[in-house]
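Listed below are the residues making up each chain.
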Amino acid sequence: MTDDTPDPMKILAGALPFLKRYDDQIVVVKYGGHAMGEEETALRFGRDIALLEQVGVNPVVVHGGGPQINAMLKRLNVQSTFIQGLRVTDEAMLDVVEMVLAGPVNKQVAEAITRAGALAVGISGKDGGLITARKLLRTVRDPSSHLEQVLDLGFVGEPASVDTRVLRLLIGADIIPVVAPVGVGEGGQTYNINADTVAGAIAGALGAERLLMLTDVRGVLGPDGQLIPEMTVSEVQAGIAAGWISGGMIPKVETCIYAIERGVKGAVILDGRVPHAVLHELFTDGGAGTLIKP
């Protein structure tokens, strides 16, 4: 551990008021980005999640796996197509996506947490009817004709409903659920779902105290490029309208708003590459990213 790396024990030393706030509360953590592929970062994340459970928090982890999917598709010489940042998923690609997300990635995350001393079980959104999905429909405006066209992303879905029974059974048994973001439609069709969206839907359905969105950026940056520590939903909406919240940050803040509108007390976008970012966010005054509140 380097001198500038925060010591989790030092963080917890002043954490008593925060421990009381989060005692027996559900915290949904979305874990993704390129940090997932770095072994030491993954093991550190596992230790932090295990520590949450050991101090009385009820964590639920939802993970992505874009880099791992890309690596497998490259090995299999399968070409990817993206529309507005979303992967177009045909039937052959769907098999690869489900294999990677619900297979090695899911089990590696659960194993890292279990190695750290907690008990974690990997599941997918298909298990126990957790996520009922519907086909995701997106429209785009043609720049020349200004007409809206419907995008067909293949077997890409969005949550239609979340049945929390399997999650609550695991939480009640002091087991940390680790969820892969795939779901099943009413007709039995499997869908690839954006992990951010799944995390927001699960957090809302569970009425979580916090939704933590670990990503590859520091948080929401203002027009001056500086990190904004705290925002209300209306301030976020104003930032989108003004154009300084843009690009890939828009779906992340929209997921936060979705969760808050369904009862989550607060949602945080923070840099998952920062050591112990989860602990720093929950158990210190300063926080580690951008907190979005009602």
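Below, the structure is looked at part by part. (Residues numbered from 1 in each chain as written. Predicted model: local features only at pLDDT ≥ 70, side-chain atom pairs only at ≥ 80, totals over all residues. Heavy atoms only, no water.)

### Some points on the pattern of salt bridges
Just so we agree on the cut-off: When a carboxyl oxygen of Asp or Glu is within 4 Å of a side-chain nitrogen of Lys or Arg, the pair counts as a salt bridge. Helical segments are the DSSP runs of H or I of at least four residues, strand segments are the runs of E of at least two, and each set is numbered from the N terminus. Whether a residue is buried, partly exposed or exposed follows from its accessible area with a 1.4 Å probe, protein chains only, as a fraction of its type maximum: under 20%, in between, or over 50%, in that order.
In the structure shown here, the tally under the stated rule is 11 salt bridges. Two residues, Asp-196 and Lys-30, come together in a salt bridge whose shortest N-O distance is 3.1 Å. Placement of Asp-196 in helix α7 (residues 195-206) and of Lys-30 in strand β1 (residues 26-31) is noted, with a sequence separation of 166 residues between them. Asp-196 sits in the buried class, given a relative accessible area of 7%. Two residues, Asp-163 and Arg-165, come together in a salt bridge whose shortest N-O distance is 2.8 Å. What makes Asp-163 partly exposed here is its relative accessible area of 24%. Owing to a relative accessible area of 60%, Arg-165 belongs among the exposed residues under this scheme.

### Regarding the side chain of Asn-192
Selection criterion: What qualifies as a polar contact is a pair of N or O atoms within 3.5 Å, subject to a donor-acceptor requirement within protein and to the restriction that residues adjacent in sequence count only when both atoms come from side chains. Any two residues having at least one pair of non-hydrogen atoms within 4.5 Å are treated as being in contact.
As for its placement among the helices and strands, Asn-192 is situated in strand β12 (residues 190-193). One polar contact links Asn-192 to Thr-89, side chain to side chain, over a distance of 3.3 Å. Excluding anything up to four places from it in sequence, Asn-192 contacts Thr-89, Leu-94, Val-97, Leu-101, Phe-155, Val-156, Gly-157 and Pro-181.

### Quick word on the nonpolar core
The test is simple: Joining through side-chain atoms within 4.5 Å is the link that ties buried Ala, Val, Leu, Ile, Met, Phe, Trp, Tyr and Cys residues into a set, and such a set is a nonpolar core.
Judged by nonpolar contacts, the single largest core of 42 residues is most densely connected at Val-61 and Ile-113. With nine residues, the single largest contributor to this core is helix α5 (residues 91-115). Not counting residues within four places of it along the chain, the set of residues in contact with Val-61 comprises Val-29, Tyr-31, Phe-45, Ile-49, Val-109, Ile-113, Ile-176, Pro-177, Val-178 and Val-179. If you look at the next biggest cluster of nonpolar residues, it comprises 40 residues, including Ile-131, Val-198, Val-253 and Ile-260.

### Concerning helix α8 (residues 233-242)
At 3.6 residues per turn, the α-helix brings residues three or four places apart onto the same side. In plain terms, the rule: What the arc describes is the spread of directions from the helix axis to the C-beta atoms.
Buried residues of α8: Val-233, Val-236 and Gly-239, and no others. Buried residues along α8 cover an arc of 120° about the axis, so they all sit on one side. Exposed residues pointing more than 90 degrees away from the buried face of α8 are listed as Ala-241 and Ala-242. Lining the buried residues of α8 we find β14 (230-232), α9 (249-261) and β16 (289-293). Looking one or two residues past α8, Gly-243 carries a phi angle of roughly 95°, positive in sign.

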